Amino acid sequence: MSKAGGRPRQGFAGLWNISFGFLGIQIGFALQNANMSRVFQSLGESIENLPLLWIAAPLTGLLVQPVIGHYSDRTWGRFGRRRPYFLAGAVLAALALFGMPNAPVLLAAALLLWVLDASLNISMEPFRAFVGDMLDKDQHTAGYAIQTAFIGAGAVIGSATPWLLDHFGVSNVAAGGGLPDTVRWSFYLGGGALLLAVLWTVLTTREYSPEELAAFDGLVEPAPVAPPARVGAGIPWLAGGAALGALVFFAGLEKELYLLAGLLAAFGLARMITAVTKAGILGDLMGDFSGMPAVMKRLAVVQFFSWSALFIMWIYTTPVVAQYVFHAPDTIGAVYNEAGNWVGILMAAQNAVATLAALFLLRPLAGRFGKARTHAIALALGALGYASFLVIRDANALIAAEIGIGIAWASILAMPYAILASALPQAKLGVYMGLFNVFIVIPQLLVATVIGTVMRHFFPGEPIWTMAIAAAVMGMAALATLRVREG
């Protein structure tokens, strides 16, 4: 099982081409993250119901990412292994971005969010495995750092576009309180940029064939056999989902908790079905999920806490800034739209910091302290950034809070994947990356179903406390990282 020489070393141009498509993907995600609460509120939705509408995004990721990872591991044809998924997802996401500003009612906007997030995930998940396919282990940190730099740059562009268009004279207030032209044109421009960036990677890279990958690794590596499932392993999950559903019904809890109950029961039922059938994609995915390597399980805990904090931020930053910094009296006037544009600038600042951190900070820190401890330091800085929202009431000063959050964001996008790419079997790199991203999705679903209930019962009309929750959860992620062992 000795190594036969490894993959050819990539220069800067090669690293650039491999990850350039992520620039466009992140423009799409940034437009979604910075503007969807604004879109929903402009269509008349209340702040209390925003988390429920955001459920579409993480639920889509939960369903799409493992399946795309599974099939991309098994794809090889004229256009390669991962690139067909890049391109198909980019076309669909561009169409959703073109359609979003024209959503006539709330339901249409929610459905388009579902399509947009599914399409972005179809493109994004194979990109994670693509770096592992194309680079040798000693370049994994550099590869994911370059990818993170493009993610940061794309997010800066996507987040700041409404603010920039406003300063170039595009109307930032719509008659009757609808979506302003600054947001509309941002979605149109973002759709075009997304498609062009992904096309760059598709046209400038050549994937290694399965035979070449086997030659690089010195052996033909069979896919690891999934451990056999047991029928009894699904019973606690099924029972837990049923119990939660009954509690929601009889105690009159918030109805969005039915989704969480359904997911628990569905997971239990899937484990029981695959224990009997022992075949098909569902059986493969459940087996791979049960057989995750130890380092992946520990990183999954870190992902759970860190992405819970991020999702809280995406949902509530606009309401928090509008209420506590801009003192916007409602969601239809010029003051609210000014606050919405400034949130885009804050997220642009966060991603600019992430880009610089990915290029100049994370690699030297990882070389000195290791990837895991570097990740812990970055997450702790992110927790401090969230806590800053509790005391800062000046719009410009909020940019300082984004420094810590930006460093944490850069590390979240790079360090876990660099650790995993060096530890996972090449034959299952795509499916394991997809399953790992489940631990991005699950906390978002939990936040979407629970945070609204928490705020209504404990902090009604005071969204600032969501930032305190985000700070505490990100701190837990930093502590959990100390348990991760590289190797």
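Above this note sits the structure.
Residues numbered from 1 in each chain as written. Predicted model: local features only at pLDDT ≥ 70, side-chain atom pairs only at ≥ 80, totals over all residues. Heavy atoms only, no water.

### What about the pattern of salt bridges?
Part 1 of the reasoning: Enumeration over the complete set of coordinates arrives at 9 salt bridges.
Part 2 of the reasoning: Here Glu212 makes a salt bridge to Arg206, at a shortest N to O gap of 3.3 Å.
Part 3 of the reasoning: Linked by salt bridges that have partners in common, Asp73, Arg81, Arg82 and Asp133 make up one network. (Salt bridge = Lys/Arg side-chain N within 4 Å of Asp/Glu carboxyl O.)

### Notes on the environment of Ala472
Part 1 of the reasoning: Following the sequence through the fold, Ala472 ends up in helix 19 (residues 465–481).
Part 2 of the reasoning: Relative accessible area serves as the criterion here: at 43%, Ala472 is assigned to the partly exposed category.
Part 3 of the reasoning: Each C-alpha atom, one on Ala472 and one on Ala383, is 6.8 Å from the other, the two residues being 89 residues apart in sequence. (Helix = DSSP H or I, 4+ residues; strand = E, 2+ residues; numbered from the N terminus. Buried < 20%, exposed > 50% of the residue type's maximum accessible area, 1.4 Å probe, protein only.)

### Some words on the nonpolar core
Part 1 of the reasoning: Ile25 and Tyr386 are the most contacted members of the largest nonpolar core, which totals 130 residues.
Part 2 of the reasoning: Among the elements that take part in this core, helix 13 (residues 294–325) stands out by supplying 19 residues, more than any other.
Part 3 of the reasoning: If we ignore the near neighbours within four places in the chain, the residues touching Ile25 are Leu120, Ser123, Met124, Phe127, Leu194 and Val198. (Core = buried A, V, L, I, M, F, W, Y, C linked by side-chain atoms within 4.5 Å. Contact = heavy atoms within 4.5 Å.)

### What about the packing of helix 13 against helix 17 (residues 398–421)?
Between two packed helices, the angle of one axis relative to the other and the distance separating the axes together describe the packing.
Part 1 of the reasoning: Between helix 13 and helix 17, whose axes approach to 11 Å, the crossing angle comes to 155°. Here helix 13 is positioned roughly antiparallel relative to helix 17, judged by the angle of their axes. Judged by the sense of rotation from one axis to the other, the crossing of helix 13 with helix 17 is left-handed. Residues Val295, Met296, Leu299, Gln303, Ser306, Trp307, Leu310, Met313, Trp314, Val321 and Val325 of helix 13 pack against Leu398, Ile405, Trp409, Ile412, Pro416, Tyr417, Ile419 and Leu420 of helix 17.
Part 2 of the reasoning: When the residues that make up the contact of helix 13 with helix 17 are grouped by side-chain class, the tally is 17 nonpolar, 2 polar and no charged. (Axes fitted to C-alpha atoms, helices over the stretch in contact; angles between N-to-C directions. Parallel < 35°, antiparallel > 145°, perpendicular 65-115°, else oblique. Left-handed = near helix turned anticlockwise from the far one by under 90°. Nonpolar A, V, L, I, M, F, W, Y, C, P; charged D, E, K, R; others polar.)

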